[in-house]
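Residue strings, one per chain:
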Amino acid sequence: MPRYQLRGRLLGVIAVASILALCGLWLARCFLPSDPVRQGLAAYARGNWEVASERARERLKAAGDDAAALRLLARASVRLGRDSSALAVYHRLGPDAMAPDDLCLLGIALTRNGNTRGVKVWEQARAAEPNHAETLFELTRAYSMSDRLADAEETGRRLAECPGWEGRAEAL
């Protein structure tokens, strides 16, 4: 009989410890601040650009010079078609803090606003990362539209080598 009592007590202690651990996790989740930029990046990766934008703004209210939050806000703004806002944020971010993704999106915002500098920015992005698929796609389209056919052929060939972009390259 004492053996069964010991086993019962041990199971009781384990059950209570498990319940306390779960309550602690729940309380931590409810009361500890979470990182809005990390949440925004996850939303951006899912294509939920509105939530990404909201989380970036939330972070910028607390720390107005947070480069990661500025970058996230600029990227989400381009994806949402808020090009004027994106251009202002990219200006605030500065060229030294821009990755090839940022240069690609900046080029998109510029060209949608009628600024011919977009092609130059895409060329900078390609120089920084020669196989950046979205940049190659935008450059191929721009080169084709401006009768730079040799350049379009070269970027289109490179685009066709990028996994997942083969069909888009053929369509151009």
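The preceding data block contains the structure.
Okay, so let's go over this structure.

Conventions adopted
Counting starts from 1 at the beginning of each chain's written sequence and moves along it residue by residue. Whole-chain, interface and lining totals are the exception, using all residues; otherwise, since this is a predicted model, local features are given only for residues with pLDDT of at least 70 and side-chain atom pairs are given and counted only at 80 or more. The basis for every side-chain value is the complete set of heavy atoms in the structure, and neither hydrogens nor water enter the calculation. Secondary structure follows DSSP: runs of H or I at least 4 residues long count as helices, runs of E at least 2 residues long count as strands, and numbering of each begins at the N terminus. Burial classes follow relative accessibility: with a 1.4 Å probe on protein chains only, a residue under 20% of its type's maximum area counts as buried, one over 50% as exposed, and anything between as partly exposed. We call two residues in contact whenever any of their non-hydrogen atoms come within 4.5 Å of each other. Note on areas: these come from Shrake-Rupley sampling with a 1.4 Å probe, and a residue is covered only by the protein chains present in the view. Salt bridges are identified by distance alone: a Lys or Arg side-chain nitrogen within 4 Å of an Asp or Glu carboxyl oxygen. In protein, a polar contact requires one atom able to donate a hydrogen and another able to accept it; more generally it is a pair of N or O atoms within 3.5 Å, and residues adjacent in sequence count only if both atoms are side-chain atoms. Angular values range over 0 to 180 degrees, each being the angle between N-to-C directions of two axes fitted as lines to C-alpha atoms, with helices fitted over their stretch in contact. Our angle categories are set so that under 35 degrees counts as roughly parallel, over 145 as roughly antiparallel, 65 to 115 as roughly perpendicular, and the remainder as oblique. We call a crossing left-handed when the near helix sits turned anticlockwise from the far one by less than a right angle, and right-handed when that turn is clockwise.

### Examining the overall build of the protein
Secondary structure summary: the protein contains ten helices and zero strands in total. Shown N-terminal to C-terminal, the secondary structure of the protein runs as helices and strands in the order α-α-α-α-α-α-α-α-α-α. Buried positions account for 35% of the 172 residues belonging to the protein. Taking the contacts inside the protein whose residues are at least 6 apart along the sequence as the reference set, 43% of them involve residues at least 24 apart. Carbon and sulfur atoms provide 57% of the accessible area of the protein, an area that totals close to 10,900 Å².

### Focus: the side chain of S53
Among the secondary structure elements, S53 is positioned in helix 3 (residues 49-62). Residue S53 is classed as buried on the basis of its relative accessible area, which comes to 1%.

### Quick notes on the pattern of salt bridges
As enumerated under the stated definition, the model contains 15 salt bridges in all. Between R71 and D102 there is a salt bridge whose closest N-O contact spans 3.3 Å. Of this pair, R71 sits in helix 4 (residues 67-79) while D102 sits in helix 6 (residues 100-112); the two residues are 31 residues apart in sequence, bridging distant segments of the chain. By relative accessible area, which is 21% here, R71 ends up partly exposed. In this structure, R112 engages D83 in a salt bridge whose closest nitrogen and oxygen atoms are separated by 2.6 Å. One end of the pair, R112, is in helix 6; the other, D83, is in helix 5 (residues 83-93), and 29 residues separate them in sequence. Look at R112 and you get partly exposed, because its relative accessible area is 45%. Owing to a relative accessible area of 8%, D83 belongs among the buried residues under this scheme. Here the salt bridges do not stand alone but share partners, grouping K120, E123, R148 and D151 into one network.

### A closer look at the side chain of H132
By the element assignment, H132 lies in the loop between helix 7 (117-128) and helix 8 (133-145). Here the side chain of H132 touches D101 through a polar contact of 2.4 Å, side chain to side chain. If near-sequence neighbours (up to four positions away) are discounted, H132 is found in contact with P100, D101 and C104.

### Thoughts on the packing of helix 3 against helix 4
The N-to-C vectors of helix 3 and helix 4 enclose an angle of 150°; their axes lie 8 Å apart at closest approach. With respect to each other, helix 3 and helix 4 are oriented roughly antiparallel. Between helix 3 and helix 4 lies a crossing whose hand is left-handed. Each of W49, A52, S53, A56, R57, R59 and L60 in helix 3 lies in contact with helix 4, whose residues at this interface are A69, L70, L72, L73, A76 and R79.

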